[in-house]
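Each chain is listed here by its residues.
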Amino acid sequence: MNAIELDYLGISAKDLSFYEEIGLIAPTINPDYSKNYSQEDESYIKQLLILTKLAVPMHDALQAIRHELPLDEILQTTLDQQKKDNNAPEGPIRFLRELLNAHVTIDTLDVDRYWEDITRAEANGISFHMTSAEAENLSRIEASAFHDVLLFFVIVAILSCVIISVFLHTAC
């Protein structure tokens, strides 16, 4: 599959490059220099996105994916931190408990099921932590909105100067 086919995950080309750099995925390069991503690459990306949406720090999520730390240990630590945070989104706590109760390991994590469950929960208004791509998109939207407001004030200032200039000219 190509990068366009991974669009449904909400990740950017920059994210894909980052995942390559850290060794999470290893796409093959086609003769036309486009990249082809395997089902395994897609699965690793989903694992990372699911865990980060559940407030697992990226470093810890990568350690679980690489089998450097047990997933249940990481999930329990994250759940403990989320329960202490009064501003924590509701979604992660529910899913963290579910994964812990099911004794899921990184190898038995049903990425397609949990991806669909989280996507459905988000569509129903349940909050999760933002992935880096979502945060980047939000930053772009906020920057665009700021630009629009700034442009509005510049136009108002110019029009004010023109009106004052016309008024002063006719008063003379």
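Analysis parameters
Residues numbered from 1 in each chain as written. Predicted model: local features only at pLDDT ≥ 70, side-chain atom pairs only at ≥ 80, totals over all residues. Heavy atoms only, no water. pLDDT = per-residue confidence, 0-100. Contact = heavy atoms within 4.5 Å. Axes fitted to C-alpha atoms, helices over the stretch in contact; angles between N-to-C directions. Helix = DSSP H or I, 4+ residues; strand = E, 2+ residues; numbered from the N terminus. Parallel < 35°, antiparallel > 145°, perpendicular 65-115°, else oblique. Left-handed = near helix turned anticlockwise from the far one by under 90°. Nonpolar A, V, L, I, M, F, W, Y, C, P; charged D, E, K, R; others polar. Phe/Tyr/Trp six-rings, centres within 6.5 Å; stacked < 30°, edge-to-face > 60°. Buried < 20%, exposed > 50% of the residue type's maximum accessible area, 1.4 Å probe, protein only.

Draft legend 1. Up close: the confidence of the model for the chain. The predicted model of the chain averages 85 in pLDDT, with 84% of residues at 70 or higher. The model gives residues 131–145 a pLDDT under 50, and that stretch makes 15 contacts with residues more than four places away or in other chains.

Draft legend 2. Structural detail: the packing of helix α2 (residues 39–53) against helix α3 (residues 58–65). Where α2 meets α3, the closest approach of the two axes is 9 Å, and the angle between their N-to-C directions is 140°. The angle between α2 and α3 places the two elements in the oblique class. Crossing angle aside, the handedness with which α2 passes α3 is right-handed. Facing α2, whose interface residues are Tyr 44, Gln 47, Leu 48, Leu 51 and Thr 52, α3 presents Met 58, Ala 61, Leu 62 and Ile 65. Looking at the contact of α2 with α3 residue by residue, the class counts come to 7 nonpolar, 2 polar and no charged.

Draft legend 3. Here's a closer look at the packing of aromatic side chains. Taken as a whole and assessed by the stated rule, the structure comprises 3 aromatic pairs. A ring pair is formed by Phe 95 and Tyr 114, whose centres lie 6.4 Å apart and whose planes are at 75°; its orientation type is edge-to-face. Taken together, the positions of Phe 95 in helix α5 (residues 90–101) and Tyr 114 in helix α6 (residues 111–123) put the pair 19 residues apart, joining distant regions of the chain. Relative accessible area serves as the criterion here: at 0%, Phe 95 is assigned to the buried category.

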